[in-house]
Amino acid sequence: MNAFVEHHKNSIQFGYRCFDRLLLNGLIQPFQQPERVLGFFNAYREGKRVTRKTLTEIADQFQYWLKNRTEKWGVPLLDAPEGNDDESRRNKFVEQYFQDAKPNRVVAILKAREPARILVAIGDKGNDSPHLEYKQRWVNQFNFYVNDPHWGRMFVRMCPYFPFSARVCLNQHHWLAIRMREEGIDFQQCTNAFLKCGNPVRLQELADSLTAQDLLKCGQKWLAAFTPFITDRERKHVGCQHRLFFSQVEYCDNLIFRRRAAVDELTERLLDLNRTLGQPKKITMIFGRKVTKEYKGKLQTVIEDLDLPNPVIRSHYGHGFAKQYVRDDRILRTEPATNNVYDYGVNKDVENLPQLRERMSGIIDNYHNVQQDVLETFIDRGQLRRLAEPTILPNRKRIPGLKLDHPRQLAVMHSLVRFANIAAGGSVTTADLYAPTLDALGLTESQYSLAALRYDLAKLRAKGLLEKVPHSRRYRLIGKGYSICLVFLKLFEKIYAPLTAGLLAPFRGDRVLAEQKRCQLDRLYQSISDDLDALLRAVGLKIAA
């Protein structure tokens, strides 16, 4: 149990973690090199030449097979609805066909023009030995929406062109619902989550029991059914069956609160604190480096959909992100997702499902622990003074202490507490920290050098808050390092700086603003200011002040 769950456990009814959306790419490995394709046709297609005409005939055969199947199955072949969020629109579009659908059945097929990697014959139409290459082309692909007996609602996207690239989309929430029905567990499923469960412990056990074989068994079953060009004998003896690889993965932690008011109050605090810690620009909190044309991906945290009832805190990293939001009124969901599992040090083959689950679960724990540090941070008596004192190293070298109002130090702390660092596994290089530190300071590289950054990092290392990862050039916060950085940032930016600004340079319009029109935070700051004025008058320091 992480610090966040431990602290709020009295308000939480139950919680569970599972994979949400699993998007798997399927490919037939023997068909990934042109020379192996030629070998296959020589051995299993009576030496037939792989020409442009042959490849066209293969695609036409799929179309004839599909027409026959739709008539036999009695399912509609429809054009996919258009829109920006294609998958969401398609899910809503086919929802009516899943009503009262029998298990192990295709309920609808959507045709859509999408990019695919296909085999192309380079040469004239009459050339019997053309040059074969793989090209990216926009072609008509077919999405088979299926009601699987073990996975429930899912879809398989098939490309009718050789080498029959495919995609399988699964959702573990549907899989868990079927498992719980089989075991007689009472539950309430709201869209894509469980709002009630009669046995939360068993729910988590079932979620953790998912194996790579469960993915392979389902995926290969339907891919074999939708690839009529390949015979069962060829799948068995030549290995001409689709292998599955992670394309997009979402792993979610769902905390179901007892009362809506509790989760609303908590998320309001999180949104407010996450808006102000860091260097806000518009509605974004830039904790990462600037996104330039040369950089691929994002390293930043943003608050999205501020005009909607449930804003999302989204932290981008590499090819993915971690997001936190409220759904179905009482569920706080924390969800890392990625389009490239290499970002987490995991290979793409679905056999690596256990390692991927462990890595993504660790990211959720880190995210929760950091959020708890954001919500509450405490300082022991005397500790702040000792942090400000110089540190004498064993070699007698003197390292300056930490100061609450030191701009360079605060800028470095801003760089260290970015959520992007958590999504990256908690370790960073000086290159990762340099750009956001310059941004926080508003300085150029000539005004604040990389050597100066390393000097400021040395102060944190001397206090045992930061360490250098052995045999690398990476740093990571250790012990209470993250919490101490937040203490300094919160004391300066949430207490000292706003109070000083309110006392020395108040906005003139605030004096005539009605009390009820001020936000709660401004009213609290004003209360502190008024109390300070009363204290100064009581001790006779009003004029001097």
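As a starting point, this report considers the structure included with it. (Residues numbered from 1 in each chain as written. Predicted model: local features only at pLDDT ≥ 70, side-chain atom pairs only at ≥ 80, totals over all residues. Heavy atoms only, no water.)

Brief notes about the overall build of the protein
Quick reminder of the rule: Segments assigned H or I by DSSP are reported as helices when at least four residues long, segments assigned E as strands when at least two residues long, and all are numbered from the N terminus. Using a 1.4 Å probe on the protein chains alone, a residue whose accessible area is under 20% of its type maximum counts as buried, one over 50% counts as exposed, and one in between counts as partly exposed. With residues, only the protein chains shown are counted as cover, and all accessible areas are computed by Shrake-Rupley using a 1.4 Å probe.
Within the protein one finds 17 helices and 20 strands. Of all 545 residues assigned to the protein, the portion counted as buried reaches 47%. Within the structure as shown, the protein displays about 28500 Å² of accessible surface, and the carbon and sulfur contribution to it stands at 49%.

Topic: the packing of helix α14 (residues 430-441) against helix α15 (residues 450-462)
Our working definition: Note on definitions: angles span 0 to 180 degrees between N-to-C directions of axes, and those axes are lines fitted to C-alpha atoms, for helices only across the stretch in contact. In this scheme, roughly parallel covers angles under 35 degrees and roughly antiparallel covers those over 145, while 65 to 115 is roughly perpendicular and the rest are oblique. Here, two residues are considered to be in contact whenever any of their heavy atoms come within 4.5 Å of each other. Residue classes follow a fixed rule: Ala, Val, Leu, Ile, Met, Phe, Trp, Tyr, Cys and Pro count as nonpolar, while Asp, Glu, Lys and Arg count as charged, and any other residue, Gly among them, counts as polar.
Where α14 meets α15, the closest approach of the two axes is 10 Å, and the angle between their N-to-C directions is 105°. Relative to α15, α14 is oriented roughly perpendicular. Across the interface between the two elements, Thr430, Leu433, Tyr434 and Thr437 of α14 pack against Leu450, Leu453, Arg454 and Leu457 of α15. Class assignment for the residues of the contact of α14 with α15 results in five nonpolar, two polar and one charged.

Focus on the pairing of strand β5 (residues 152-158)
We count it as follows: In this analysis, strands are considered paired if DSSP registers two or more bridges between them.
Within β5, six of the seven residues are buried, leaving the element largely enclosed by the surrounding structure. Both strand β4 (residues 131-148) and β5 contribute to a ladder of seven bridges, which runs antiparallel. Bridge pairing links Phe142 to Met158 in β5. Two successive antiparallel strands, β4 and β5, enclose a turn made up of three residues.

What to know about helix α5 (residues 172-182)
Of all the eleven residues making up α5, eight are buried; the element is thus mostly covered by neighbouring parts of the structure. Backbone geometry just downstream of α5 places Gly184 in the positive-phi region, at approximately 70°.

Looking at the layout of surface pockets
Applicable threshold: Buriedness for pockets is judged along seven lines, at least five of which must meet protein on both sides within 12 Å for an open set on the 1 Å grid over protein atoms alone, while cavities are sets there where a 1.4 Å probe fits but cannot get out, and lining residues have an atom within 4 Å of a point. Grid points are joined across faces, edges and corners, and a volume is the space filled by probe spheres set on the points.
One number sums up the size of the largest pocket: a volume of about 1500 Å³. Around the largest pocket sit 39 residues that line it, and Asn91, Asn171, His174, Thr191 and Asn192 are the ones nearest its centre. In terms of residue count, helix α4 (residues 86-98) provides more of the lining of the largest pocket than any other element does, six residues in total. Among the residues forming the lining of the largest pocket, the class breakdown is 13 nonpolar, ten polar and 16 charged.

Looking at the pairing of strand β1 (residues 12-27)
β1 sits mainly inside the fold: twelve of its 16 residues count as buried. In this sheet, strand β6 (residues 166-171) lies alongside β1 in antiparallel orientation, the contact comprising six bridges. Counterpart to Leu24 in the pairing with β6 is Val168.

A few points about a positive patch on the surface
The line we're drawing: The residues that make up patches have over 30% relative accessible area and no salt bridge, and they are joined within 9 Å when like-charged or within 5 Å when they are Val, Leu, Ile, Met, Phe, Trp or Tyr. Here a salt bridge means any side-chain nitrogen of Lys or Arg lying within 4 Å of a carboxyl oxygen belonging to Asp or Glu. A residue counts as positive if it is Lys or Arg and as negative if it is Asp or Glu; His and the chain ends are not included. Note on charges: their place is set at NZ of Lys, CZ of Arg, CG of Asp or CD of Glu.
On the surface, a cluster of positive charge is contributed by Arg454, Arg461, Lys468 and Arg473. Structurally, Arg454 is set in helix α15.

Digging into the sheet that holds strand β20 (residues 474-477)
Read from one edge of the open sheet, three strands run β18-β20-β19, paired in antiparallel fashion. Two strands close off the open sheet at either side, each with one partner strand: β18 (427-429) and β19 (466-468). In this sheet, adjacent strand axes meet at a mean angle of 35° when their direction is disregarded. Pairing geometry for β18 and β20, over three bridges, is antiparallel. Each residue of the ladder has a partner; that of Thr429, found in β20, is Arg474.

Observations regarding the pattern of salt bridges
Applying the stated criterion across every chain, the model contains 24 salt bridges. Glu114 is the partner of Arg157 in a salt bridge, and the nearest nitrogen-oxygen pair spans 3.4 Å. Of this pair, Arg157 sits in strand β5 while Glu114 sits in strand β3 (residues 105-122), and the two are 43 residues apart along the sequence. Taking relative accessible area as the criterion, Arg157 reaches 16% and is therefore assigned buried. Put simply, Asp432 and Arg474 hold a salt bridge, and the shortest N to O gap is 3.9 Å.

Details of helix α3 (residues 52-73)
What counts is decided by this rule: Multiplying 1.5 Å by the residue count of a helix minus one yields the expected span of that helix. Think of the arc as the fan of directions from the helix axis to the C-beta atoms.
The terminal C-alpha atoms of α3, which comprises 22 residues, lie 32 Å apart, in line with the 32 Å expected from a rise of 1.5 Å per residue. What α3 keeps buried is the set Thr54, Leu55, Ile58, Ala59, Phe62, Trp65, Leu66, Arg69 and Thr70. Projected onto a plane normal to the axis of α3, the buried residues spread over an arc of 155° and lie on a single side. Exposed residues pointing more than 90 degrees away from the buried face of α3 are listed as Lys53, Tyr64, Lys67 and Glu71. For α3, the secondary structure elements touched by its buried residues are α2 (34-44), β2 (77-79), β3, β4, β5 and α7 (212-225). A positive backbone phi angle near 70° is found at Gly74, which sits one or two residues after α3.

Quick notes on the side chain of Gln141
Secondary-structure assignment places Gln141 in strand β4. Those residues in contact with Gln141 that sit more than four places away from it in its chain are Leu110, Lys111, Ala112, Glu114, Pro115, Ala116, Arg157, Met158, Cys159 and Pro160.

A word on unusual backbone geometry
Omega for the peptide link from Phe162 to Pro163 comes to 10°, which places this bond in the cis form. Of note in this structure, Asn104 is not a glycine but carries a positive phi near 65°. Here Asn104 is to be found in the loop between α4 and β3. Given the relative accessible area of 35%, Asn104 is considered partly exposed.

Looking at the packing of aromatic side chains
Selection rule: Aromatic contacts are taken between Phe, Tyr and Trp rings whose centres are within 6.5 Å, Trp giving its six-membered ring; a plane angle under 30 degrees counts as stacked, one over 60 as edge-to-face, and the others as tilted.
Enumeration over the complete set of coordinates arrives at 22 aromatic pairs. Where Trp73 meets Phe226, the ring centres are 6.3 Å apart and the plane angle is 65°; that geometry is what we call edge-to-face. Of this pair, Trp73 sits in helix α3 while Phe226 is found in the loop between α7 and α8 (232-237), placing the two residues 153 residues apart along the sequence. Judged by relative accessible area, which is 34%, Trp73 ranks as partly exposed. Accessibility expressed as a relative area gives 0% for Phe226, which makes it buried. Between the aromatic rings of Trp151 and Trp175, the centroid separation amounts to 5.9 Å while the plane-to-plane angle is 35°, which identifies the pairing as tilted. Of this pair, Trp151 sits in the loop between β4 and β5 while Trp175 sits in helix α5, placing them 24 residues apart in sequence. Pair check on accessibility: Trp151 and Trp175 agree, each one buried.

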